[in-house]
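# Close look at the chain arrangement
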Amino acid sequence: MTFTEWFIFFLLLQVVHFLGTWKLYQRAGRKAWEAAIPVYNAVILMKIINRPWWWVVLMFIPIVNLIIIPVIWVETIRSFGRHSTAETFAVILTLGLYIYYVNYATENAYIVDRDLKPRTEAGEWISSVLFAVIAATIVHTYFMQPFTIPTSSLEKTLLVGDFLFVSKFHYGARVPGTAVAFPMVHDTIPGLGVKSYLNKPQIPYFRFPGFEEIERNDIVVFNWPVDTVRKFFDRSGKHYKKPVDKKSNYVKRAVGVPGDSLSVVNGYVHINGKQLELPERAKPQFSYIGKTKGQPFDPYSLYKLYDITDGFSYNPNNNAFGIQSLSDEAFERFKNHPNVATIERYVDSAGVKNPNVFPNDGKRNWNNDNLGPIYIPKKGATVDITPQSMAFYKEIIETYEGSEFGLDNTLKINGTQVLLNGQPIETYTFKQDYYWMMGDNRNNSEDSRVWGYVPANHVVGKPVFIWLSWDSNASGFDKIRWDRVFTTVKGDGEPTSFLPYFLIILVIFFGWKYFKKRREA
């Protein structure tokens, strides 16, 4: 739905509200016309039901309003003496229309000093849970979201089993596009395995101002642009059309920002002709092949000594081995292992074609290790659109700046001309920024090399803090990576854990409360 369609819908709701409540406003000592003025009528209604004015704000927050509005329906009928459980269910199941019956068919007087405390213990419990969910939903949606690292694409900066807090406000919190969804879950309701949202209606894209832009080398959480799977780990082949904010969450490094010209040369990223300098904590990994001197490796020792956690194979028939992910630092140590006869980095040679590499048209001799140059689109920039360049921008024009914004864009080639919605075009001006996201684990990362650009409206947030790190390869207390608990994601040098300081603060706080309680006693 467009902003205009939402505005018309909002005005219709005001008409519905006025027709169903104007007599109730009069019974409460207000004027009938006060039920007809948008927003003002909600403020007056809060006074009638004896609730704070800021509940009005909650009514306009997507997802949160799905919780607070039914509460207001119940509070409205209870302000006029309708307390029964049957009537509570009636007003919710009729989507508030039961208020029409109370408005026209009853004569109950308005209860001026209604007791707001729930009449039963169950009611008090439900009330507490509802507002806890509301508070958590606001924090989760607009400020900070917990996130788990499920894959090894960013080893060794972020490890499988890291539990993160992702900031929504660094790059600006995005208003949820999905208007009807289960709160605080992503695309699937846990335990039930069913979709957690309705595809329609959709709220027009809007992002609050952030206090920083995405910089080159930032680690970013974003919605997987080409996601059509039901759940992140369900790649069964059945496709689902998903709203932007319900696409699977990915986390990668933004190696290319709007306006960059990017190439990958022998596995290393080049920006505007120069090799990209990664931050100190980034440790790119590559695949290696080699031969042993006749003895197999102990997998546990490889993990402990060389931090090899991902993709080791060994063939005893010819003493050959393969390592999918090894950092440069670990390689320098591992090549001197007494059992290593030969070892070399595996690289797809320049000129070898991989049809699965972006732009996926099979016309370029590109592969994961050698591709480009590719222009990273910038908002307001204009590019030439030709039959040769169309493959790079087709998804942008048809989907990211087309159907996802309610536009029915179609890009086709007619001879030597490119047609947009049947009309020939020679240039195109981008409506938003785009990014190129890659994993540090170069040979074990599904990233922009496969599916291309990440639009700005797909950006979720910035990982800022690791509050727990769980190592599934270890046992006992070693399962917790204590040196990573309470560490920041970004920074120079090795991560420093703030866990001791946190524990000291906890001890001081609870000690102060204990002695304060004793002193008062």
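Sequence order as written defines the numbering, with residues in each chain counted from 1. Only residues with pLDDT of at least 70 are given local features in this predicted model, and only at 80 or more are side-chain atom pairs given and counted; all residues enter the totals for whole chains, interfaces and linings. Side-chain numbers here rest on the full set of heavy atoms in the structure, without hydrogens or water.

Helix and strand labels come from DSSP, where a helix needs a run of H or I of at least four residues and a strand needs a run of E of at least two; each type is numbered from the N terminus. On a plain count of helices and strands, the chain comes out with 12 helices and 23 strands. Expressed as lengths along the three principal axes of its C-alpha atoms, the size of the chain is roughly 90 × 80 × 40 Å. In this scheme, a residue with accessible area under 20% of its type's maximum is buried, one over 50% is exposed, and one in between is partly exposed, where area comes from a 1.4 Å probe on protein chains only. Per-residue burial for the chain yields a buried fraction of 45% across its 521 residues. Note on contacts: a residue pair qualifies if any of its non-hydrogen atoms lie within 4.5 Å across the two residues. Here the contacts in the chain between residues at least 6 apart in sequence split such that 66% fall between residues at least 24 apart. Surface accessibility of the chain: about 27,500 Å² in total, with carbon and sulfur atoms responsible for 60%. We treat Lys and Arg as the positive residues and Asp and Glu as the negative residues; His and chain ends play no part in the count. Charge coordinates come from a single atom per side chain, which is NZ of Lys, CZ of Arg, CG of Asp or CD of Glu. With 57 positive and 49 negative side-chain charges, the chain shows a spacing of 5 Å between the two charge centroids. Accessible surface is estimated by sampling points in the Shrake-Rupley manner with a 1.4 Å probe; for residues, cover comes only from the protein chains shown.

Attention now moves to the pairing of strand E1 (residues 144–148). Burial of E1 is one-sided: the residues Gln 145 and Phe 147 facing one way are buried, the residues Met 144, Pro 146 and Thr 148 facing the other way are not. Where E1 lies against strand E2 (residues 162–167), 5 bridges are found, and the strand directions are antiparallel. Along E2, the bridge assignment pairs Thr 148 with Phe 163. Pairing between two strands is assigned when DSSP locates at least 2 bridges connecting them.

Here Lys 200 and Pro 201 are connected by a cis peptide whose omega angle stands at 0°. That bond from Phe 358 to Pro 359 is cis: its omega, 10°, falls within 30 degrees of zero. With respect to the helices, strands and loops of the structure, Pro 359 is situated in the loop between strand E13 (340–345) and strand E14 (371–375). In this structure, Asn 50 is a non-glycine residue whose phi angle is positive, near 65°. Following the sequence through the fold, Asn 50 ends up in the loop between helix H2 (40–48) and helix H3 (55–58). For Met 184, which is not a glycine, the phi torsion comes out positive at approximately 65°. Here Met 184 shows up in the loop between E2 and strand E3 (188–189).

Only rings of Phe, Tyr and Trp enter the pairing, Trp through its six-membered ring, and a pair is recorded when the two centres are within 6.5 Å. The plane angle decides the type: under 30 degrees is stacked, over 60 is edge-to-face, the rest tilted. Taken as a whole and judged by the stated rule, the model has 38 aromatic pairs. Taking the centre distance of 5.9 Å and the plane angle of 35° together, the rings of Phe 169 and Phe 211 count as tilted. Within this pair, whereas Phe 169 is found in the loop between E2 and E3, its partner Phe 211 is found in the loop between strand E4 (194–195) and strand E5 (219–223), the two being separated by 42 residues in sequence. Judged by relative accessible area, which is 32%, Phe 169 ranks as partly exposed. The exposure class of Phe 211 is exposed, given its relative accessible area of 54%. Ring geometry for Phe 430 and Tyr 434: centres 6.3 Å apart, planes at 65°, overall edge-to-face. Taken individually, Phe 430 and Tyr 434 each receive the classification buried, so the pair is uniform in this respect. Within the aromatic cluster, the residues linked to one another by ring pairs are Phe 358, Trp 366, Phe 392, Tyr 393, Tyr 400, Tyr 428, Phe 430, Tyr 434, Trp 436 and Tyr 453. Charge over a ring is defined by NZ of Lys or CZ of Arg lying within 6 Å of the ring centre and within 35 degrees of the ring normal. The side chain of Lys 195 reaches across the aromatic face of Tyr 197, ending 5.1 Å from its centre.

Let's shift gears to the sheet that holds strand E7 (residues 261–265). Backbone hydrogen bonds are what pair the strands of a sheet, in a parallel or an antiparallel way. Strand order in the open sheet made by the 4 strands is E9-E8-E7-E14, with antiparallel pairing throughout. For this open sheet the edge positions go to strand E9 (274–275) and E14, each flanked by a neighbour on one side alone. The pairing of E7 with strand E8 (residues 268–271) spans 4 bridges and is classified as antiparallel. Residue pairing in the sheet places Val 264 in a bridge with Val 269 of E8.

Turning to the pattern of salt bridges, a few remarks are in order. Here a salt bridge means any side-chain nitrogen of Lys or Arg lying within 4 Å of a carboxyl oxygen belonging to Asp or Glu. According to the stated counting rule, one finds 18 salt bridges in the structure shown. Between Arg 253 and Asp 440 there is a salt bridge whose closest N-O contact spans 2.7 Å. Here the residue Arg 253 occupies a position in strand E6 (residues 249–256), and Asp 440 occupies one in the loop between strand E20 (434–438) and helix H11 (448–451), the gap between them amounting to 187 residues. Comparing Arg 253 with Asp 440 shows no difference in burial state: the two are buried. In this structure, a network of salt bridges that share partners links the residues Asp 162, Asp 471, Arg 481 and Arg 484.

A few words now on helix H1 (residues 3–27). With 25 residues, H1 should reach 36 Å at 1.5 Å per residue; the first-to-last C-alpha distance of 35 Å fits that figure. Bend is the name given here to the angle between axes fitted to two runs of seven residues, the run ending at a residue and the run starting at it. The largest bend along H1 reaches roughly 55° and is located at Thr 21. Buried positions along H1 lie against H2, helix H4 (64–78) and helix H6 (98–105). Gly 29 sits one or two positions beyond H1 and adopts a positive phi of about 85°. For a helix, the expected span equals 1.5 Å multiplied by the number of residues minus one.

Moving on: the sheet that holds strand E16 (residues 411–414). Taking strand neighbours across the sheet as the criterion, the 3 strands line up as E16-E17-E18 in an open arrangement whose pairing is antiparallel. With one partner strand each, in any of the chains shown, E16 and strand E18 (423–425) form the two edges of the open sheet. Between one strand and the next, the sheet's axes are offset by a mean angle of 45°, whatever the strand orientation. Across 3 bridges, strand E17 (residues 417–420) lies against E18 in antiparallel orientation. Pairing of Leu 420 across the sheet is with Gln 423, part of E18. Geometry is summarised by axes, namely lines fitted to C-alpha atoms with helices restricted to the contacting stretch, and by angles between N-to-C directions that run from 0 to 180 degrees. Sitting on the sheet, helix H10 (residues 390–400) touches E16 and E17, and the angle it makes with E16 is about 140°.

This next bit is on the environment of Ile 68. Within the fold, Ile 68 resides in helix H4. The spacing of Ile 68 and Lys 431 is 363 residues in sequence and 35 Å in space, taken between C-alpha atoms. The contacts of Ile 68, once residues within four sequence positions are left out, are Trp 55, Leu 58, Met 59, Phe 131 and Ile 134.

The next thing to look at is the side chain of Thr 21. Topologically, Thr 21 is positioned in helix H1. Residue classification places Thr 21 among the buried residues on the basis of a relative accessible area of 6%. Apart from the residues lying within four places of it in its own chain, the contact partners of Thr 21 are Ala 35, Ile 99 and Asn 103.

Here we take up the side chain of Thr 76. In this fold, Thr 76 is placed in helix H4. Using a relative accessible area of 4% as the deciding quantity, one classes Thr 76 as buried.

Once that is clear, we can look at the environment of Ile 289. Position of Ile 289 among the secondary structure elements: in strand E10 (residues 285–292). The spacing of Ile 289 and Glu 124 is 165 residues in sequence and 64 Å in space, taken between C-alpha atoms. Those residues in contact with Ile 289 that lie beyond four places of it in its chain are Phe 321, Gly 322, Thr 342, Ile 343, Glu 344 and Tyr 346.

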